[in-house]
Amino acid sequence: YCGGVARLLYDCCDLYVSRFWRPKKTAVLTMFDKDFFTEDDFIGVCMVPLAECSATEVALKSWQGKQVTTGMLFTKDSKVQVSMSKMSFPEGSRLESGWKIKVHRGTNIPWKDLTSDTDAFVKVAVVPDDANVVEAVVQEDLGQQFVQRGAHQTTVAMNQKAPVFEEEFELAMLKSAHKSRFLSALEVAIGKKMGDADVESLFQASASAVRSTERSEMECAFAKMCFNDLQVDKKISSGQDLVKLPETDALRMLHFAQWLVSSGDSKKVVFAQFLIQNATGNVVPEDAVNYCKAFATVAGTAELEQLAESGSVSLETLRKVAVGELRESWTQCVYSNAANRFYIYTAVSSGGARAAWNNAAGHAVKLVAILNSRRAEADAMEAAAAPAAETSDAAESEPTQASTSKLVSVSDRVAAAIPVMVQTAIRFNQALAEQSSATGVSVSDTARAERRSFAVPRGGCAFSPSPGTKELHFESFGSNLLEFVQSECSKITDNEMLASLGNPEEEIRVLSTNSKSGEVFLMSGCGRFIIKTISDPEAERLIQILPAYRQHFAANKASMLGRYLAIYRISLESGSSRYITVMHSVFDTPLKIGRMYDLKGSTHKRFVKSDSESVRKDQDWLNDGQQLKVTVAQAEALAADHSAVTSFLASCNVMDYSILLGIASDTEGAPDGQLQSADGSEAYFVGLIDFLVDFGFKKKAEFLLHQLQGVGQTASVMDPQSYASRQCKFFVDNILPSP
């Protein structure tokens, strides 16, 4: 009963705030067909910026922005006629910024009933957001509900294809000086003072504030404010806990940890840190004792101290302790409306990024435009493209030129998601590192690859811009290990990653190669980063070897081994998922690469089929009479580096990798330390790529077949140790200069 009363009061206050609280920018007219026995049929909606105008026809569109029409062979656009004028108020009025909105008529309204014309009516609302923001929000149910809350409604024009309304509505804003009466009444109801900002946060006062969980959470928090003796865990009619700790939502928990610090309760951060790590399996039993000791210090309980001393601590026990310790603080966070700020995206400066990023709702609109643009470009390329070159048995090479992708939809999805994933992961890791430093407890090490799961709200959040009109679910793998490769080996800062990959304004180009795998290749606009989808077996192999991969680079930061900077897995609309990797391009240089080779150390069918292929192969290298014209000392260093890399890859039981080699004939502007020929006439770029092919049953069978055919020693596939030895011999004998 108490919960129901509080919910009713919340709805009343919500209606009052939506109609009178904030200055309005856009009129939203939504037309329906009245059905007396079933739910009313939606016809169309239009968003009109508030500006004085005489009778003007405005197009009706679907929630997704498509023009509504009537007719089959000869269609006509459906429209509604509206006029708007400013209102004047008598002296002493409590209202200001008033508008008169008159709905005149509809034209070409489609039938919604089989036996009669439409029984149309229009809902009229005004919102404090720009039209483009509203258009993005209404593509989902919550946004559609928002633009109808507090709306005025015309009468029903029965059985008319061109309904006439001629009804006028007056809408205005409450003067700031008169808001105090509402605030005083609200104080009586909830027992605490509320400011203007508190009201806007507690009630959904704008389209950009509409979120999937906020309203139910705010209703629950409001109920607790009204009835202090209402039990926190007591359930209301929504079926949700009054205030439930989002312990499995890493982003929200980290934001909560930041609030704990800002509110002076930083000692409890260790509990939040544990839940963040535990939710994705990043806490192993060895870490449990350290956490238990930290818990005992904060909670001051003898039981935890004894448990820590025993050395036998279960993660489930620690989880229950952490949830119990944080429940009251989370409730306070929600009541203070600080939890709402999680959904407010603040663009980050990336130390030289070309433009500031848009706010969360604006990015959703821009995202649609970007996808449409890329689809148009892909269609144009497909129409002009020559027949695809015949595929070979070569594994994937690093993409070097744009061509039409066969997986346009997946390419679009990946390209659109990359800025959100990169920015979310980097900002999350930075914030988590700060929290770990504050608590003194860290479980990140180089012995295992951490996995994290993220759910980015469709409107964006404190760590990420909007992913569009739907939530983005993705995982990241091994960021604790790959950060070393990024910063210490590739010398790439987080700000550089954010500027090139985390900025929605930056272009991400869709590429394709002569690969047989069907995976998607993309490149950052600056050309420094390669984005590629990989198969599940390849991803599992990469994640498995990451600790050893990091150790290899720790021993040789300048290793020619290809450098992975990030690994993600994204959920697709089809219900499937894709692994996505980000690599530092071997050809990260301002110099123009004139010749490129993909060399495996194998000569069987290792040549280009036509001159149109820009990346040449082993037999072509031999036929072209190529060699690296380096000094003896450089040749010895390269041979040692290559030997160390291939030995490492053989120990990982992988093969079929390639030496990607680029030659630039103009060395002017080459950076210091760039590998060059002895006479300085050429610059060389060397890297080992595509090293994720496991020598499993399929490859063993392929190797056996090659042996039966008499090409076992020259074909690409062979056991990892033999493959490494053969490539080392080819590297020394044919790529490096003769002694």
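Residues numbered from 1 in each chain as written. Predicted model: local features only at pLDDT ≥ 70, side-chain atom pairs only at ≥ 80, totals over all residues. Heavy atoms only, no water.

Asker: Before we move on, can you summarise the overall build of the protein chain with the specific residues and values?
Answerer: Looking only at helices and strands, the protein chain has 20 helices and 23 strands in total. For the protein chain, buried positions account for 52% of its 739 residues. In the protein chain, once contacts between residues fewer than 6 apart in sequence are set aside, the share between residues at least 24 apart is 70%. Carbon together with sulfur atoms contributes 51% to the accessible area of the protein chain, which is approximately 32,800 Å² in total. (Helix = DSSP H or I, 4+ residues; strand = E, 2+ residues; numbered from the N terminus. Buried < 20%, exposed > 50% of the residue type's maximum accessible area, 1.4 Å probe, protein only. Contact = heavy atoms within 4.5 Å. Areas by Shrake-Rupley, 256 points an atom, 1.4 Å probe, with all protein chains shown as cover.)

Asker: Talk me through the packing of helix 9 (residues 285-299) against helix 11 (residues 315-335); I want residue IDs and the actual numbers.
Answerer: Running from N to C, helix 9 and helix 11 point in directions that differ by 30 degrees, and their axes come no closer than 11 Å. Taken as axis vectors, helix 9 and helix 11 run roughly parallel relative to one another. As for the relative orientation of helix 9 and helix 11, their crossing is left-handed in sense. Here A288, Y291, C292, F295 and A299 of helix 9 lie close against helix 11, whose contacting residues are L315, L318, V321, A322 and E325. Grouping the constituent residues of the contact of helix 9 with helix 11 by class yields nine nonpolar, no polar and one charged. (Axes fitted to C-alpha atoms, helices over the stretch in contact; angles between N-to-C directions. Parallel < 35°, antiparallel > 145°, perpendicular 65-115°, else oblique. Left-handed = near helix turned anticlockwise from the far one by under 90°. Nonpolar A, V, L, I, M, F, W, Y, C, P; charged D, E, K, R; others polar.)

Asker: Any chance you could break down the side chain of T533 for me, citing the residues and the numbers?
Answerer: Relative to the elements of secondary structure, T533 occurs in strand 15 (residues 529-534). Here the side chain of T533 touches E519 through a polar contact of 2.6 Å, side chain to side chain. The contacts of T533, once residues within four sequence positions are left out, are V414, E519, V520, R578, Y579 and I580. (Polar contact = N/O pair within 3.5 Å; in protein donor to acceptor, adjacent residues only side chain to side chain.)

Asker: Can you lay out the sheet that holds strand 9 (residues 152-153) for me, pointing to particular residues and giving the numbers?
Answerer: Strand order in the open sheet formed by four strands is 2-1-8-9, and the pairing between neighbours is antiparallel. The sheet is open, and its two edges are formed by strand 2 (41-49) and strand 9, each paired on a single side. Of the strand pairs in this sheet, strand 1 (residues 26-33) and strand 8 (residues 120-127) are connected by eight bridges, and their pairing is antiparallel. Residue pairing across strands places F32 opposite F121, the latter belonging to strand 8. (Pairing = 2+ DSSP bridges.)

Asker: Could you give an account of the pattern of salt bridges, with specific residues and numbers?
Answerer: Under the defined criterion, the tally for this structure stands at 27 salt bridges. In this structure, D287 engages R448 in a salt bridge whose closest nitrogen and oxygen atoms are separated by 2.7 Å. Of this pair, D287 sits in helix 9 while R448 sits in the loop between helix 13 (408-439) and strand 11 (451-456), placing them 161 residues apart in sequence. Judged by its relative accessible area of 9%, D287 is buried. Given a relative accessible area of 22%, R448 falls into the partly exposed group. Residue R606 is joined to D598 by a salt bridge in which the shortest nitrogen-to-oxygen separation is 2.9 Å. When sorted by exposure, R606 lands in the same class as D598, which is buried. The network of salt bridges with common partners includes K102, R105 and E166. (Salt bridge = Lys/Arg side-chain N within 4 Å of Asp/Glu carboxyl O.)

Asker: Which residues make up the sheet that holds strand 19 (residues 615-616), and what are the values?
Answerer: Read across the open sheet, the four strands follow the order 19-18-21-22; overall the sheet is mixed. Sheet topology places strand 19 and strand 22 (683-689) at the edges, where each strand pairs with a single neighbour. Bridge count for strand 18 (residues 595-599) against strand 21 (residues 658-664) is five bridges, and the pairing is antiparallel. Paired with D598 across the bridge in strand 21 is L660.

Asker: Give me the layout of surface pockets: which residues, what numbers.
Answerer: Volume-wise, the second largest pocket comes out at about 910 Å³. A558, R563, G673, Q674 and V686 are, among the 31 residues lining the second largest pocket, the residues nearest its centre. Among the elements of the structure, helix 14 (479-489), helix 18 (632-651) and strand 22 are those that each provide at least two residues to the lining of the second largest pocket. The element best represented in the lining of the second largest pocket is strand 22, accounting for four residues. Residues belonging to the lining of the second largest pocket are distributed by class as follows: 13 nonpolar, ten polar and eight charged. (1 Å grid on protein atoms, 1.4 Å probe; cavity = no way out; pocket = protein on both sides within 12 Å on 5 of 7 lines; lining within 4 Å. Points joined across faces, edges and corners; volume = space filled by probe spheres on them.)

Asker: Any chance you could break down a nonpolar patch on the surface for me, citing the residues and the numbers?
Answerer: On the surface, M72, L73 and F74 cluster together into a nonpolar patch covering about 510 Å² of accessible area. Residue placement: M72 occurs in the loop between strand 4 (69-70) and strand 5 (76-77). (Patch = residues over 30% accessible without salt bridge, like charges linked within 9 Å, V, L, I, M, F, W, Y side chains within 5 Å.)

Asker: A description of helix 18 should follow, citing residues and the corresponding values.
Answerer: Here helix 18 contains 20 residues, and its C-alpha end-to-end distance of 29 Å stays within 8% of the 28 Å for a straight helix at 1.5 Å per residue. Regarding helix 18, the residues found buried are A635, L638, D641, H642, V645, T646, F648, L649 and A650. Looking one or two residues beyond helix 18, the residue adopting positive phi is N653, at roughly 65 degrees. (Expected span 1.5 Å × (residues − 1).)

Asker: Report on the pairing of strand 1, specifying residues and quantitative values.
Answerer: The element strand 1 is extensively covered by neighbouring structure, given that eight of its eight residues are classed as buried. Burial along strand 1 is two-sided: the residues T26, V28, T30 and F32 and A27, L29, M31 and D33 are all buried. Judged from the eight bridges that link them, strand 1 and strand 2 form a sheet pairing that is antiparallel. Residue pairing for strand 2: L29 is matched across the bridge by C46.

Asker: So what's going on with helix 16 (residues 536-555)? Residues and values would help.
Answerer: Compared with the 28 Å implied by 1.5 Å per residue over 20 residues, the 29 Å span of helix 16 between its first and last C-alpha is a close match. Along helix 16, the sharpest kink reaches roughly 55 degrees, centred on L546 and followed within four residues by the proline P547. Here helix 16 has its buried residues at E538, A539, R541, L542, I543, I545, L546, P547, Y549, H552 and F553. (Bend = angle between axes of the 7 residues up to and from the residue.)

Asker: Let's hear about the nonpolar core: which residues, and what values?
Answerer: In this structure, I418 and Y549 are the most contacted members of the largest nonpolar core, which totals 149 residues. Ignoring sequence-local partners within four residues, the contact set of Y549 consists of L482, V485, L561, G562, R563, Y564, F648 and F691. Ranked by size, the runner-up nonpolar core spans 25 residues in total, among them A27, L50, L60 and F169. (Core = buried A, V, L, I, M, F, W, Y, C linked by side-chain atoms within 4.5 Å.)

Asker: Requested: an account of the packing of aromatic side chains, with residues and values cited.
Answerer: One pass over the structure, following the stated rule, counts 23 aromatic pairs. Both rings, one in F256 and one in W259, keep their centres 6.0 Å apart while their planes meet at 20 degrees; by these two values the pair is stacked. In this pair, F256 and W259 are both assigned in helix 7 (residues 250-262), three residues apart and thus about one turn of the helix distant. The exposure classification of F256 matches that of W259, with both residues buried. Through a chain of ring-to-ring contacts, the aromatic side chains of Y16, F20, W21 and F182 assemble into a single cluster. We note K179 situated over the ring of W21; from NZ or CZ to the ring centre the distance is 4.6 Å. (Phe/Tyr/Trp six-rings, centres within 6.5 Å; stacked < 30°, edge-to-face > 60°. Lys NZ or Arg CZ within 6 Å of the ring centre and 35° of its normal.)

Asker: Outline the pairing of strand 7 (residues 95-107), listing residues and values.
Answerer: With eight bridges joining them, strand 6 (residues 79-86) and strand 7 adopt antiparallel strand pairing. By the bridge assignment, K79 is partnered in strand 7 with T107. As judged from the eight bridges shared by strand 7 and strand 10 (residues 164-174), these two strands associate in the antiparallel manner. Looking at the pairing, K102 lines up with E168 of strand 10.

Asker: How would you summarise the environment of S83 if you had to cite specific residues and measurements?
Answerer: Topologically, S83 is positioned in strand 6. Expressed as a C-alpha distance, the spacing of S83 and K102, which sit 19 residues apart in the sequence, is 5.3 Å. The contacts of S83, once residues within four sequence positions are left out, are C53, S54, A55, K100, I101, K102 and H104. Separated by 2.8 Å, the side chains of S83 and H104 make a polar contact.

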